[in-house]
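# An overview of the molecular structure
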Amino acid sequence: MEHSGLESMHAGREKASNLPCASLENIMEDSSYERINSQGVSRHVYKVITGSCEALDVHPLELRFPLDYNTLILCPLHLTNNTDEQVAFKLMPKRGIYSCFRNIPLYGVVPQRSSYTLIVIMTPPAKRSEDTDFDLILQSIKFGEGIIQGQCNDRSFEAAKEVGTGMHEVTLKAVSAPQGETIYKHTIPPVMKVISVERARQELYSIDANPEKSWIIIGHSGGYVRIWDYVTQRWRGSIEICRGPVNCIKFIARKQWFVAGSSDGIHVQEEAIKKKKIQRFRARVSSVTSLAVHPTKPYVVSSSYGGLIKLWDWDKGWECITTFEGEHSDVVCQLAFNPNDTNSFASVSNDRTIKVWGLDSPKSHYTLSGHSDNVKCLDFFTRDDGQYLITGSVDNTAKIWDLQKKTCILTLEVFRSPVIYVFSHPNLPVLITGTRNGIIYLWSSTDFR
């Protein structure tokens, strides 16, 4: 799967406020300390603000990349913000060597009292010896109240350097390590482990995980579907199912099928993709945008660019048994069944609304409004025996909705990019949000840290 060069994973506390504005302090003195790398003693210099602690704790100071000439090479970099202010950072090569790393410089914001993990990705150069190393620079600025969206960029860091304000800077050493040597030898254990990074030949449009097997299914822009086993890290096979993008894809695990939606209809195929296709039919609507599989009944619900939602019964030869009235005035982006009430489901749309539906009526039960831009994603979750929704939007927020009160109880606003994916962990009190700029956030669903 194609990843952006330096991936970000972020777990932290949410504070329902806008990103704060830069509050810059003068650098009063420099302090340094020694550390040992694989080639001897070197010195790292921190620029420290007198009377205050470091804006970010950084681990490790030495990034160890095992020698591997065939695959992308990964190393985590952990940033911890122990302050009550948000901290912006910039990661870049010290000597302008960009070819060895993917998509840098990289910018980000670490919210207050949060941890942030960067997965630094080095490309395998044609020639590299064990004594080759590169320096990286991590710059950070502590922010106060009122920052505008998008201010964390090269201009803000250059301005801070020009006026001599409170910008921290630390040098990191990227070192080639022998094969098999752990990259966590001199640092804390990782919060997460990256299993693999795969290169994609075509842009990825859709993805789903099999709840019963260690399989991930991926839909591509060119109409191909591929199944990948994340335990063995091997592809199980691929098949071309349409000529355009595979907009959405879902496993139907109990039937050992998958169902995919595209511009030319709905496709049903056995998981063993070398076997025959089960069904292909046109939904008699514009391009299919989302699919959801009922957890117990033989139903699949689909949505389209035209705003229509349809319910299909595979026991009746994929007959459309209900058409839900076109209450959405724009594209329906995602559908999800309620796991605690399987006779209901929800939809989100570019018309900025969320609607909750029942299988017993073609009309929605109620509508939730509050986002200021397109709503792209949703999921159900349970908290204190109550039923809730989390939604993500192009307005750079995620919202938490109390379905009993039918109201928004919290807006999560640390994001610097549209929220395009939300997910509730099926077994843990964890919510996951993903943004368009490639950052994954983990939240507690009990107190929303």
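Residues numbered from 1 in each chain as written. Predicted model: local features only at pLDDT ≥ 70, side-chain atom pairs only at ≥ 80, totals over all residues. Heavy atoms only, no water.

## Description of the pattern of salt bridges
Inspection of the entire model under this criterion finds four salt bridges. Of the charged contacts in the structure, one is a salt bridge between Lys-173 and Asp-135, with a shortest N-O distance of 2.8 Å. Taken together, the positions of Lys-173 in strand S11 (residues 167–177) and Asp-135 in strand S10 (residues 133–142) put the pair 38 residues apart, joining distant regions of the chain. According to the relative accessible area criterion, Asp-135 is buried, its value standing at 11%. (Salt bridge = Lys/Arg side-chain N within 4 Å of Asp/Glu carboxyl O. Helix = DSSP H or I, 4+ residues; strand = E, 2+ residues; numbered from the N terminus. Buried < 20%, exposed > 50% of the residue type's maximum accessible area, 1.4 Å probe, protein only.)

## What about the sheet that holds strand S23 (residues 319–324)?
Read across the open sheet, the four strands follow the order S20-S21-S22-S23; overall the sheet is antiparallel. The sheet is open, and its two edges are formed by strand S20 (288–293) and S23, each paired on a single side. Each strand axis lies, on average, 25 degrees off the axis of its neighbour in the sheet, ignoring direction. Note: strand S21 (residues 299–304) against strand S22 (residues 309–313), five bridges, orientation antiparallel. Of the residues in S22, the one forming a bridge with Ser-303 is Ile-309. (Pairing = 2+ DSSP bridges. Axes fitted to C-alpha atoms, helices over the stretch in contact; angles between N-to-C directions.)

## A closer look at the state of the cysteines
The full count for this structure, using the stated rule, is zero disulfides. Cysteine Cys-333 remains unbridged, with the sulfur of Cys-377 as its closest cysteine sulfur at 8.8 Å. Given a relative accessible area of 17%, Cys-333 falls into the buried group. (Disulfide = S-S within 2.5 Å.)

## So, the pairing of strand S28 (residues 375–383)
Side-chain positions along a regular strand alternate between the two faces of the sheet. Most of S28 sits out of view: seven of its nine residues are buried. As defined by bridge partners, S28 adjoins strand S29 (residues 386–393) across eight bridges and the pair is classed as antiparallel. Within S29, the position partnered with Arg-383 by the bridge is Gly-386. Hairpin connection between S28 and S29: a loop of two residues separates the two successive antiparallel strands, and Asp-384 in this loop has a positive phi of roughly 55 degrees.

## Points about the sheet that holds strand S25 (residues 341–349)
Read across the sheet, four strands follow the order S24-S25-S26-S27 without closing on themselves; strand pairing throughout is antiparallel. Whereas interior strands pair on both sides, the edge strands pair on one side only; in this sheet they are strand S24 (332–338) and strand S27 (366–369). Ignoring strand direction, the axes of neighbouring strands in this sheet form an average angle of 20 degrees. Sheet topology places strand S26 (residues 353–358) next to S27; four bridges connect them, and they run antiparallel. Its bridge partner lying in S27, Val-356 is registered against Tyr-366.

## Considerations on the confidence of the model for the protein chain
If pLDDT is low for a region, its predicted coordinates should not be looked at in detail. Confidence in the prediction for the protein chain averages 77 pLDDT; 71% of positions are at 70 or higher. Contacts for the low-pLDDT stretch residues 182–190, under 50 throughout, to residues beyond four places or in other chains number twelve contacts. (pLDDT = per-residue confidence, 0-100. Contact = heavy atoms within 4.5 Å.)

## Some remarks on the environment of Thr-367
Relative to the elements of secondary structure, Thr-367 occurs in strand S27. When the C-alpha positions of Thr-367 and Lys-406 are compared, they lie 8.4 Å apart, and in sequence the two are 39 residues distant. Discounting residues that sit within four places of it in the chain, Thr-367 has contacts with Thr-353, Ile-354 and Lys-355.

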